[in-house]
Amino acid sequence: MEPIIDYWNNIDWELTWRTLTRNGWVMLVSASVAGLLVCFIVTQIASFIQRRRPSGLLELLRLNAKQAFYLFVPSLFFLIATNLQSRTFLRRHPNVDRLSEILFLIAATWLILRLLRVGELYIIRKYDTTLDANLSQRKFVTQLHFIRRVVSLGVIVISVSLLLISFQGSRKLGLSVLTSAGIVSVLVGFAAQKTLANLLAGIQIALTQQIRLDDAVVVENEWGRIEEINLTNVVVRVWDRRRLILPITYFVETPFQNWTRNESTIIGAVMLHLDYTVPVDQLRQKAREIVEQEPLWDKQSFAVQVTETLPTCVQVRVLVSSFDAPSAFDLRCIVREKLLAYVQEAFPGSLPKMRIEMTE
């Protein structure tokens with residue numbers, strides 16, 4: 001033990017430090033390699049823990065933040081190494097210090113954005129937004145989704161401002177972005193009026209819940225579901241798998257139909273045009289038998305009424321309720337087909353016909 005202590009005490013630390021600083025590039029490269037080694041060790045430990053005890057959080061981190069982590073840690077080590085370098089080395093290579101700061105700022109911004117995404121996915125992993133009945137869950141997911149996007153936008157603005165501040169020529173511009181003053185305020189006031197209006201409309205929608213993710217809506221005479229709510233636009237997935245992209249201000253300024261605003265149940269109507277001789281009571285009884293055999297009926301609303309008399313026929317309306325809009329559409333089709341088959345078989349004379357009276 002004593003020889004080791006004597007060797008430690010006899011080391012000329014000042015000479016050793018000067019030798020290391022002369023070889024500044026070796027130190028910088030070594031720091032970056034050490035950062036990659038730390039990343040590798042951490043990911044291997046996380047993979048081992050994931051195999052022994054699976055965790056949803058670790059899996060989300062692996063899928064969404066692994067690349068950002070591999071850039072962040074080496075850039076952090078590189079930044080620390082540049083701060084430990086002597087002034088002589090930095091005087092000869094002044095751009096190295098600036099490069100380390102820029103690289104670290106970009107890596108940190110990327111990692112923060114990915115961690116925000118991981119946090120959002122981890123929180124909503126147990127929420128099922130595909131069911132119309134889950135109104136409270138879809139409301140929470142919509143608000144969380146919008147908050148994450150707003151926070152991400154703020155992180156990007158701050159990062160860009162700090163990046164501009166690091167350059168001498170653009171320092172004033174960076175400070176203007178941070179303080180919302182100068183030319184940036186003018187640009188926001190004039191050139192970005194629509195963007196700002198969309199952002200405020202998004203905040204209003206997130207608070208008032210006029211639309212939520214997977215809401216069934218009718219916009220521009222198209223039925224579809226809300227697929228995405230972004231900062232400036234809303235993507236509606238139309239029933240035939242087309243995507244209708246609308247500015248988010250559309251849902252604040254334009255009337256539209258939301259079929260799942262407070263509840264998902266909906267009443268559908270089946271219209272039949274039949275002859276005046278049709279026995280309405282028997283038709284009503286048969287319609288009830290058909291509806292009661294269908295699991296799509298929610299047992300809340302049912303009615304058969306003659307709603308209109310036309311010169312050539314009568315209009316019979318059958319009302320049936322269902323759990324959601326797709327189920328109501330399928331139930332209407334089933335009732336229409338079976339009633340039409342029943343009339344054709346039991347009362348063929350009650351189908352619509354044109355009467356002509358022949359006189360001498």
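Predicted model only: the values in this text are computed from it and were never measured.

How each quantity is defined
- Residues numbered from 1 in each chain as written.
- Predicted model: local features only at pLDDT ≥ 70, side-chain atom pairs only at ≥ 80, totals over all residues.
- Heavy atoms only, no water.
- Phe/Tyr/Trp six-rings, centres within 6.5 Å; stacked < 30°, edge-to-face > 60°.
- Helix = DSSP H or I, 4+ residues; strand = E, 2+ residues; numbered from the N terminus.
- Buried < 20%, exposed > 50% of the residue type's maximum accessible area, 1.4 Å probe, protein only.
- Pairing = 2+ DSSP bridges.
- Axes fitted to C-alpha atoms, helices over the stretch in contact; angles between N-to-C directions.
- Contact = heavy atoms within 4.5 Å.
- Salt bridge = Lys/Arg side-chain N within 4 Å of Asp/Glu carboxyl O.
- 1 Å grid on protein atoms, 1.4 Å probe; cavity = no way out; pocket = protein on both sides within 12 Å on 5 of 7 lines; lining within 4 Å.
- Points joined across faces, edges and corners; volume = space filled by probe spheres on them.
- Nonpolar A, V, L, I, M, F, W, Y, C, P; charged D, E, K, R; others polar.

Caption draft 1: Fine view of the packing of aromatic side chains. Across all of its chains, the model carries 5 aromatic pairs by this definition. Geometrically, the ring pair formed by Phe72 and Phe104 is tilted, given 5.6 Å between the ring centres and 35 degrees between the ring planes. Linking Phe72 in helix H5 (residues 66-84) with Phe104 in helix H7 (residues 94-123), this pair joins segments that are 32 residues apart in sequence. We classify Phe72 as buried; its relative accessible area is 19%. For Phe104, a relative accessible area of 24% puts it in the partly exposed group. Measuring from ring centre to ring centre gives 5.4 Å for Tyr250 and Phe251, while their planes differ by 75 degrees; the resulting arrangement is edge-to-face. Of the two residues, Tyr250 and Phe251, neither departs from the other in class, the shared state being buried. One aromatic cluster is present, built from ring pairs that chain together Tyr250, Phe251 and Phe256.

Caption draft 2: Spotlight on the sheet that holds strand E7 (residues 297-309). The strand order across the open sheet built from 3 strands is E6-E8-E7, with neighbouring strands paired in antiparallel fashion. Taken across any chain shown, the strands that pair with only one partner, and hence form the sheet edges, are strand E6 (266-274) and E7. Put simply, the sheet's adjacent strands are angled 20 degrees from each other on average, direction ignored. By the bridge criterion, 8 bridges tie E7 to strand E8 (residues 314-322) in an arrangement that is antiparallel. Residue Ala303 lies in a different strand from E8, and its bridge partner there is Leu319. Sitting on the sheet, helix H14 (residues 325-346) is in contact with E6, E7 and E8, with an inclination near 25 degrees to E6.

Caption draft 3: Broad picture of the sheet that holds strand E4 (residues 243-247). If you trace the 5 strands from one edge of the open sheet to the other, you get E4-E3-E2-E1-E5, paired in antiparallel fashion. In the strand order of this sheet, the two ends are held by E4 and strand E5 (257-258), each with one partner.

Caption draft 4: Region of interest: the pattern of salt bridges. In the structure shown here, the tally under the stated rule is 11 salt bridges. A salt bridge links Arg148 to Glu120; the shortest N-O distance between them is 2.7 Å. Taken together, the residues span a long stretch of sequence, with Arg148 in helix H8 (residues 135-165) and Glu120 in helix H7 at a distance of 28 residues. Of the residues examined, Glu120 reaches a relative accessible area of 3% and is grouped as buried.

Caption draft 5: Inspection of the layout of surface pockets at higher detail. Space inside the second largest pocket adds up to approximately 340 Å³. As for the second largest pocket, its lining consists of 14 residues, and the residues nearest its centre are Thr43, Ala46, Leu58, Leu61 and Arg62. Looking at the lining of the second largest pocket, the elements that each hand over two or more residues are helix H3 (24-52), helix H4 (56-64), H5 and H7. Per-element tally for the lining of the second largest pocket: the top contributor is H3, with 5 residues. For the lining of the second largest pocket, a count of residues per class yields 8 nonpolar, 3 polar and 3 charged.

Note that all results are geometric; they support no functional claim without further evidence.
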